[in-house]
Amino acid sequence: MSKKIFSKIDKIPRGRASNKISKLCLVLEGGAFRGLYSEGVLDALMLAGINAECTIGVSAGAMNGMNYVSGQIGRAARINLTYRHDSRYIGLKAIKTNKGVVGFDFVMNQIDEEAFDEETFFDRRKRFVVVATNCLTGKPEYFDRDQVGDKIYDAVSASASMPFISKMVEIEGIPYLDGGCSNKIPYRWALDQGYEKIIVVRTRPSSFRRKVKSNHLVTNRVYKSYPEFAEVLARSDQDYNRQCDELTILNSQKRLYVISPSVFMDVNRLEGDLEKLGQLYKLGFDDTVRQIKDIMAYLYL
């Protein structure tokens, strides 16, 4: 275990989500360690008895979604705030084992005190979908746990494998990378599936927009053997900004409900400051607690 852990790790709630299923689709944005915000949101939702009938996640959102579907309150946050500086999770040992910066094998199989509840995770009353980007086509693919079975773990690994610093993950011979390369916030999937109640959990404030780059020489060089993937990756920031604009409109129309950070925190994707990450978790938790009445009104009125 890493000696360096969050100073208030004992304040992270523990427990199990109730068996009550809420009729909604939960959409989880990625953002690597900015996902601590989502972990606070999800724990607050579970403590309030809000357990979505469908959860779809991208990148870190896929990893957080697993713990939400398994109903393990606080598990995701405790792992991140305890093992962030353990190289089996993030670092050289993870790269050696998983060919990428994140040690999925370690998270899933080697933390005995935070064992993953597979039985609850595979409960078919709750649907779980993961977005990964097909590197041959450059298009997002949607892996439904109930259709792919145990391969859902490979899909989560692929979805959270960041470009440039991770090896592609092969699923049935097809190479995949981060789902956020092609679809950073899959709310359109939820709408197309016919879900009437949709909660979107962001990891950036709703006003945030990315700077669109015009030079993609590095992207084209690194992924020259995957031109379709390079193309979608090059325009991903522009597509993201378009999604943000549309989300603002849909939220104002009450077509969906957006939970996003109420204040900006300067947290990077591989943030190592555990106190800052702990504050981000608390922000997500507190933001959600303050909105519970509004969330309930959206869901049930």
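(A) Structural view of the nonpolar core. The biggest cluster of nonpolar side chains holds 85 residues, and the ones touching the most others in it are Leu26, Ile198 and Ile199. Among the elements that take part in this core, helix 13 (residues 274-300) stands out by supplying nine residues, more than any other. Each residue touching Ile199, except ones within four places of it in the same chain, is listed here: Leu24, Cys25, Leu26, Val27, Tyr257, Ile259, Ile295, Tyr298 and Leu299. By size, the runner-up hydrophobic cluster in this structure holds nine residues, among which are Met168, Phe229, Ala230 and Leu233.

(B) Local environment of the packing of helix 2 (residues 60-69) against helix 8 (residues 152-159). Closest axis-to-axis distance for the helix 2/helix 8 pair is 7 Å, and the angle between their directions is 140°. For the element pair helix 2 / helix 8, the angle class is oblique. From helix 2, Ala62, Met63 and Met66 reach across to helix 8, where they touch Tyr153, Val156 and Ser159. Classifying every residue of the contact of helix 2 with helix 8 by side-chain character gives five nonpolar, one polar and no charged.

(C) Up close: unusual backbone geometry. If you check the backbone angles, Phe164 has positive phi at about 75° while not being a glycine. Note on placement: Phe164 falls in the loop between helix 8 and strand 7 (169-171). At Glu172, a residue that is not glycine, the phi angle is positive and equals roughly 55°. Following the sequence through the fold, Glu172 ends up in the loop between strand 7 and strand 8 (174-178). Residue class for Glu172 comes out exposed when judged on its relative accessible area of 67%.

(D) Local environment of a nonpolar patch on the surface. A cluster of nonpolar side chains, namely Phe164, Ile165, Val218, Val222 and Leu270, defines an oily patch on the protein surface of about 410 Å² accessible area. Among the structural elements, Ile165 can be located in the loop between helix 8 and strand 7.

(E) Looking closely at the packing of aromatic side chains. Across all of its chains, the model carries 15 aromatic pairs by this definition. For the ring pair Phe121 and Phe122, a centre distance of 5.0 Å and an interplane angle of 80° mean the geometry is edge-to-face. The exposure class of Phe121 is buried, given its relative accessible area of 0%. Judged by centre distance (5.5 Å) and plane angle (55°), the ring pair of Phe164 and Tyr223 falls under tilted. Here Phe164, found in the loop between helix 8 and strand 7, pairs with Tyr223, found in the loop between helix 10 (217-222) and helix 11 (227-234); they are 59 residues apart in sequence, far enough to count as distant. In this structure Phe164 comes out as partly exposed when scored by relative accessible area, which is 42%. Residue class for Tyr223 comes out buried when judged on its relative accessible area of 6%. One aromatic cluster in this structure is built from Phe116, Phe121, Phe122, Phe128 and Tyr153. Between Arg84 and the ring centre of Phe33, over which it is positioned, the NZ or CZ distance is 5.0 Å.

Here is what the cut-offs are and how they apply
Residues numbered from 1 in each chain as written. Predicted model: local features only at pLDDT ≥ 70, side-chain atom pairs only at ≥ 80, totals over all residues. Heavy atoms only, no water. Core = buried A, V, L, I, M, F, W, Y, C linked by side-chain atoms within 4.5 Å. Buried < 20%, exposed > 50% of the residue type's maximum accessible area, 1.4 Å probe, protein only. Helix = DSSP H or I, 4+ residues; strand = E, 2+ residues; numbered from the N terminus. Contact = heavy atoms within 4.5 Å. Axes fitted to C-alpha atoms, helices over the stretch in contact; angles between N-to-C directions. Parallel < 35°, antiparallel > 145°, perpendicular 65-115°, else oblique. Nonpolar A, V, L, I, M, F, W, Y, C, P; charged D, E, K, R; others polar. Patch = residues over 30% accessible without salt bridge, like charges linked within 9 Å, V, L, I, M, F, W, Y side chains within 5 Å. Areas by Shrake-Rupley, 256 points an atom, 1.4 Å probe, with all protein chains shown as cover. Salt bridge = Lys/Arg side-chain N within 4 Å of Asp/Glu carboxyl O. Phe/Tyr/Trp six-rings, centres within 6.5 Å; stacked < 30°, edge-to-face > 60°. Lys NZ or Arg CZ within 6 Å of the ring centre and 35° of its normal.

Structural measurements only, silent on function.
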